[in-house]
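# Residue-level structural notes
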Amino acid sequence: MKAKTKIPVALGALLGSLLAPTWASAQPVGYATLNGGTTGGAGGQVVYATTGTEIHKALCNRASKSTPIIIHVEGTINHGNTSKVSGSSCNTADDKIEIKDVSNISIIGVGRGALFDQIGIHLRNSSNIILQNLHVRNVKKSGSPTSNGGDAIGMESNVRNVWADHLTLEASGGESEGYDALFDIKASTKYVTLSYSILRNSGRGGLVGSSDSDSDNGPITFHHNLYENLDSRTPLLRHGTAHSFNNHFRGIKKSGMNPRIGGRIKAENNYFEDSKDVLGTFYTNDMGYWDVRGNIYSNITWTNDKDKNHPAGPNPKSTTSISIPYSYKLDDAGCVPQIVLATAGANKGMLRSDGNCQSQGGSSSGGGSSSSSSSSSSGSSSSGGSSSGGSSSGGSSGGSSDLGPNLALSGDADGSSKASGTSYGNAVDGDLQTYWQPNSSSGERISAKKFGDNFNTVIIREIGNAVQNWRLVNHDTGAQLASGNGIGSSKKIYVGNVSMKKVDLMIDSASSAPRIAEFEVYNASQ
């Protein structure tokens, strides 16, 4: 076997500097900004590593346990190249990346990316840590090989100020296949932000507090993350406080956000779809609390409230009020699937949201494109005239008088909620006397679906004039097709020639719960 060429420390530092991403100066949002903030190894030496042992050596070669360091990682880190290194400035181990009894560290994936294959990252008694642009997969607690108790990333015992950003954390099954969690926090871990990350294909997303007596964890912020194909724990939250905003939840099989035994979560402008019991207190009667606003619930199954099973739905209402002590920008919930798709995960260019449903920043050093992407579709986004007035974004009106058949009549509908005595189907039945009405005046959705894929014109007919601000959204991608204020008796919206399985009318605000008589879809001749 050909020996690996060793890179001298000085040359490694130079290479690391040349590879330094332009986004290294980006700042976290959330609880990681408090308690003095989270800067990682800012100002320290930049070291380049291609093995787990080299990561440990970089920690051990510092002048002290608190000397700042930035470790740029490229390549595959696995059991074969990860071993314990000893020194006065470190406390490492053979079977994991050990960040123990240390502070002021950044570990950042660069170049072609950093894959931690069956090797977990463990933080213990550490502070001011940044983990960025890393892919961690298939970490096992049983079977072979094992690492980090089966956690992709685990934090415990007096950990403070961690920013975990643009990560991809995944497994290939649940506990029966040997895996535990993707992102666990316990034993007095505080001031953490998890952002722009993907957590998928695991039995457990993560917990905050490992037992009912583990009461000194959090606060923690989760934003712009994708939770996909998970059984539960998005997160499981004991005692602590969490803020979850602009996350996309898809394919949650058993339960999602699970605040319990006094845990409190503020959940706002998230997008939940094709999932079960995405919020509530589950597997116990020791209740937690939630502050909800602006979320979208699409095709969510809610179980009945019973012993040790207390779902927040089918119409989630706040049970507490949580004040957030830092500034942040909220993307509209309707564009969350699209903006998370564009920004979340490792090796995608380190893009971030600008708070207006568009991506910004990034660097090719992260393995992806640095160009911004818009939340609009590739076609023109415009709105036609209406007898009710109101303004809309986009260009001139389009379409001819020959609309053709209303395709929605051959399809179906669903939405975010429905008031007693109304149904989603009322909006696609061709009857102007029947209507769909949601339970509230904001953050609601009605969708037309199963009508065929291609169309270019939508007409919305409202009973009354309650709607104030609305958006038309491609449900398949989250792309915004049009937006405006006011609907009234008839709002004609030309969206260009588009194709999708399902189109959403998002009611962002209204003077009262609106009544939508018809949601019409046409492929008009041009």
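In the block above lies the structure referred to throughout.
The structure displayed is predicted, hence computed values, not measured ones.

### Let's talk about the packing of aromatic side chains
- Scanning all chains against the criterion turns up 9 aromatic pairs.
- Centroid distance Tyr227 to Phe249: 4.7 Å. Interplanar angle 5°. Geometry classified as stacked. Placement of the pair is Tyr227 in strand E16 (residues 226–232) and Phe249 in strand E19 (residues 248–252), with a sequence separation of 22 residues.
- The class of Tyr227 is buried, set by a relative accessible area of 2%.
- Taking NZ or CZ as reference, Arg515 lies 5.5 Å from the ring centre of Tyr435, over its face.

### Considerations on a positive patch on the surface
- Residues Lys253, Lys254, Lys276 and Lys306 make up a contiguous surface patch of positive charge.
- Structurally, the position occupied by Lys306 is in the loop between strand E25 (296–301) and strand E26 (309–311).
- Using a relative accessible area of 55% as the deciding quantity, one classes Lys306 as exposed.

### Here we look at the sheet that holds strand E35 (residues 502–510)
- One open sheet accounts for 5 strands, arranged E29-E30-E35-E32-E33; its pairing is antiparallel. Two strands lie at the open edges of the sheet, namely strand E29 (412–415) and strand E33 (480–485), each paired on one side alone. Averaged over neighbouring strand pairs, the angle between their axes works out to 15° when direction is ignored.
- Sheet topology places strand E32 (residues 467–474) next to E35; 7 bridges connect them, and they run antiparallel. Across the sheet, Asn469 pairs through a bridge with Ser509, a residue of E35.

### Focus: helix H3 (residues 336–343)
- In terms of burial, H3 is largely enclosed, as 7 of its 8 residues are buried.
- All buried positions along H3 are accounted for by Val336, Pro337, Gln338, Ile339, Val340, Ala342 and Thr343.

### Regarding the nonpolar core
- Membership of the largest hydrophobic core comes to 64 residues, with the highest contact counts inside it found for Phe116, Ile121 and Phe183.
- Listed in part, the 31 residues of the second largest apolar core include Phe455, Ile487, Leu505 and Val521.

### A word on unusual backbone geometry
- Here Ser144 and Pro145 are connected by a cis peptide whose omega angle stands at -5°.
- Position of Pro145 among the secondary structure elements: in the loop between strand E7 (134–137) and strand E8 (153–156).
- Across the junction of Thr234 and Pro235, the peptide omega takes the value 5°, indicating a cis bond.
- Within the secondary structure layout, Pro235 lies in the loop between E16 and strand E17 (236–238).

### Points about the pattern of salt bridges
- The full count for this structure, using the stated rule, is 20 salt bridges.
- Between Arg293 and Asp291 there is a salt bridge whose closest N-O contact spans 3.1 Å.
- The exposure class assigned to Asp291 is buried, which follows from its relative accessible area of 1%.
- When the shortest N-O distance is used, the salt bridge between Lys449 and Asp414 registers 3.0 Å. Here the residue Lys449 occupies a position in strand E30 (residues 444–449), and Asp414 occupies one in strand E29, the gap between them amounting to 35 residues. The two residues Lys449 and Asp414 agree in class, both being buried.

### A look at the pairing of strand E6 (residues 127–132)
- Here E6 lies mainly inside the structure; 5 of its 6 residues are buried.
- Where strand E4 (residues 103–117) lies against E6, 5 bridges are found, and the strand directions are parallel. Bridging across to E6, Ile107 finds its partner in Leu131.
- With 5 bridges connecting them, E6 and strand E9 (residues 159–165) associate as parallel partners. Each residue of the ladder has a partner; that of Leu131, found in E9, is Ala164.

Conventions we followed
- Residues numbered from 1 in each chain as written.
- Predicted model: local features only at pLDDT ≥ 70, side-chain atom pairs only at ≥ 80, totals over all residues.
- Heavy atoms only, no water.
- Phe/Tyr/Trp six-rings, centres within 6.5 Å; stacked < 30°, edge-to-face > 60°.
- Helix = DSSP H or I, 4+ residues; strand = E, 2+ residues; numbered from the N terminus.
- Buried < 20%, exposed > 50% of the residue type's maximum accessible area, 1.4 Å probe, protein only.
- Lys NZ or Arg CZ within 6 Å of the ring centre and 35° of its normal.
- Patch = residues over 30% accessible without salt bridge, like charges linked within 9 Å, V, L, I, M, F, W, Y side chains within 5 Å.
- Areas by Shrake-Rupley, 256 points an atom, 1.4 Å probe, with all protein chains shown as cover.
- Salt bridge = Lys/Arg side-chain N within 4 Å of Asp/Glu carboxyl O.
- Lys, Arg positive; Asp, Glu negative; His and termini not counted.
- Charge placed at Lys NZ, Arg CZ, Asp CG, Glu CD.
- Pairing = 2+ DSSP bridges.
- Axes fitted to C-alpha atoms, helices over the stretch in contact; angles between N-to-C directions.
- Core = buried A, V, L, I, M, F, W, Y, C linked by side-chain atoms within 4.5 Å.

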